[in-house]
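Coordinates in review
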Amino acid sequence: MLGRKGLILGAGVIVFLGLAALTDVIMSRNEAPAEPGKAQALDQGWSKELREKFYFTSQGSQLMPYAMLRALEQPLSDKPFLDPAHVAEMGFLPADGPSALNPDGLPIGFVKDPRPATGALGPMVGLTCAACHTADIEAKNGALIRIDGGASQGDYQLLMARLSKALDITLADPAKFQRFAARLVAMDPKTVRPALEALATEIRRLEAASWTPVPYGRGRLDAFGHILNAVAATAINEPANYRIPDAPVSYPFLWTTPWQRYVQWNGVAGNPLGRNLGEVLGVFGHADFANGNLAAASSTALGENLVALEAWVSGLKPPPWPEKLLGKVDAAKAKRGAELFKANCAGCHGGPDYRLTPAAETEGGRQWLAVSMVDVNTVKTDPKMAMNFIIRYAKPGPFTLPPTAPRLPDGQVLAGSLLLAAVSTITENDLRARGITGDARKAAYGWRFAPGSNTPQSGWLLPPSYKAGPLAGVWATGPFLHNGSVPTIYDLLSPEEERPAVFYVGSKRFDAEKLGFVSSYDSIPEAERVRVSRFDTSLPGNSNRGHAFPTGAKLPPEDRTAIIEYLKVLEGPDVRH
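In this text, all values refer to a predicted model and were calculated from it rather than measured experimentally.

On to the overall build of the protein. For the protein, the count of helices and strands is 19 helices and 20 strands. Relative to the 2.2 N^0.38 estimate, which gives 25 Å for 577 residues, the radius of gyration of the protein is 24 Å and therefore close to what a compact globule would have. Expressed along its principal axes, the backbone C-alpha trace of the protein runs to roughly 70 × 60 × 45 Å. In the protein, which comprises 577 residues, the share counted as buried stands at 56%. Counting only contacts in the protein whose residues sit at least 6 apart along the sequence, the fraction spanning at least 24 positions is 74%. Taken as a whole, the protein presents about 24,100 Å² of accessible surface, with 57% of it coming from carbon and sulfur. Looking at charge distribution, the protein has the averaged site of its 59 positive side-chain charges lying 1 Å from that of its 57 negative ones.

What follows is the structure, encoded as structure tokens:
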């Protein structure tokens, strides 16, 4: 046995498993073969039907008219913009084909808004959680393995650039325009060009708003930068509040997140409903603050769907290591790795047995995973993301913050406080409009309330910190650190000076020895190089320094490989509840 196998009851809400016997861990993996050419799903607790719901349930994101996206061609080709090869080139995952929830075969995470259309352009299309939180990895034999809730390799800036270019060329090229217009059979031909011009203008604005001096590349996004711009600059019509969103982070994995006390890299959201509504506003959701009449403020976010999506993710398990595809686990080495992990990693990241928050902190004695928030001065990883959020100020627009809220002499308030006020206003208005009160309201917030309080719990505030979350399933989520600056776990466990200064992101080819993706340019086949981006750790926001543990010592190579072997079988908390 690597550790005891036990059950801990968290006030009737969460049950956690300790580390199972290594032989049990390895032999119980469900590795049913996939259909030829399709990714094989691992046993993560979801049925095929639930995966489809996660992939294609709208959260209220509205990028552009659905019919126009389907009619659009690639910028320099007459092939559809949504052609699977083009989608994959931008780092997103094509669907396996049409399905009941996705009759037109949209890419995973691209979804039609379910609300009735209000004009000739028809319903909108936007992104949902799955676009950024679903991944495929490729084994040595070429088999694809689906990681639900994993870190996507989608390139947001490339998507916006290609979309903008495709629209502009469609306007400029008569033949391309005629083909585009002919596909919009439900529209009056006279209205197509004005509608296309308006859309192209808006997409150009969004592309410009996503510009950064250092491109994000594959699998990264400055989510908070985009959310703050969408709310503090666009929605309240305060252009001076705009800032360049230049602190991209890797898309975090989702399993166990509904049970964690803090979720984002900087931990600032205190409840799942507010967290998820803010996320919608950062990916083409729209807020309307009713010209300052905050009682009428609203957004396109679909609150009921956000609660459902969170509930589905609450049942998502970490991906089990698929031995038949990625190789057998060395049990003796993993046992030694468990001891090293306990001595060097569990103090921050937890592990069997997982620590819980005190029952007295939350109404009804509910308990959550007690994730550690580690001061940036301690972990010493790139501070840009944490500091961008904490030091950003903004004009408050229609919002009146408490007199005790920090202010600059000109009346600007902390942008994070403004975001919290805006999201809280929209969330409460939506719940009220849907008649959700009392315990139903608290359930929508994930029961994140202190005993006797009617206000949701706050997130992490100070000092500026990064989350050290549970590591079960982390093997499938490279690159590593919050900013994706270290390609493999072996590199992360190595001394800082030994980590690659430059590497390439975007290959799906998995390195089962170092745990991560193949990342050297020469090791990536020439035909695949169009899909990778160069990561230079010397650029602002890209530092690969920090997380140099154990402090004052270096792990020898044999210890690094032992920890790696253990991470392949590290059991996560049991999300049954």
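Picking up where we left off.
Spatially, 3-8-7 is the arrangement adopted by the three strands of the open sheet, whose pairing is mixed. Of all the strands in the sheet, the pair left with one neighbour each is strand 3 (40-41) and strand 7 (134-138). Looking at chain direction, strand 3 and strand 8 (residues 144-148) are connected through two bridges and run parallel. Paired with Ala 41 across the bridge in strand 8 is Arg 146. Helix 2 (residues 48-56) rests against strand 3, strand 7 and strand 8 of the sheet, and its axis sits at about 70° to strand 8.

A separate point is the packing of aromatic side chains. Each aromatic ring pair is specified by the distance between its two centres and by the angle formed by the two planes. What the rule picks out here adds up to 18 aromatic pairs. Aromatic pair Trp 259 and Trp 368: ring centres 6.4 Å apart, planes at 20°, arrangement stacked. Remark: Trp 368 occurs in the loop between helix 13 (346-349) and strand 13 (372-375) and Trp 259 occurs in the loop between strand 10 (249-250) and helix 9 (272-282); sequence separation between them is 109 residues. Their ring planes at 80° and their centres at 5.2 Å tell us that Phe 289 and Phe 399 sit as a pair that is edge-to-face. With Phe 289 in the loop between strand 11 (287-288) and strand 12 (298-299) and Phe 399 in the loop between strand 14 (393-394) and strand 15 (413-414), this pair connects stretches of sequence that are 110 residues apart. As far as the burial class goes, Phe 289 and Phe 399 line up, both buried. Pairwise contacts between aromatic rings join Trp 46, Phe 54, Tyr 55 and Phe 56 into one cluster. Positioned over the ring face of Phe 177 is Arg 193, at 4.2 Å from the centre of the ring.

Rules and cut-offs
- Residues numbered from 1 in each chain as written.
- Predicted model: local features only at pLDDT ≥ 70, side-chain atom pairs only at ≥ 80, totals over all residues.
- Heavy atoms only, no water.
- Helix = DSSP H or I, 4+ residues; strand = E, 2+ residues; numbered from the N terminus.
- Rg over C-alpha atoms; globule rule 2.2 N^0.38 Å.
- Buried < 20%, exposed > 50% of the residue type's maximum accessible area, 1.4 Å probe, protein only.
- Contact = heavy atoms within 4.5 Å.
- Areas by Shrake-Rupley, 256 points an atom, 1.4 Å probe, with all protein chains shown as cover.
- Lys, Arg positive; Asp, Glu negative; His and termini not counted.
- Charge placed at Lys NZ, Arg CZ, Asp CG, Glu CD.
- Pairing = 2+ DSSP bridges.
- Axes fitted to C-alpha atoms, helices over the stretch in contact; angles between N-to-C directions.
- Phe/Tyr/Trp six-rings, centres within 6.5 Å; stacked < 30°, edge-to-face > 60°.
- Lys NZ or Arg CZ within 6 Å of the ring centre and 35° of its normal.

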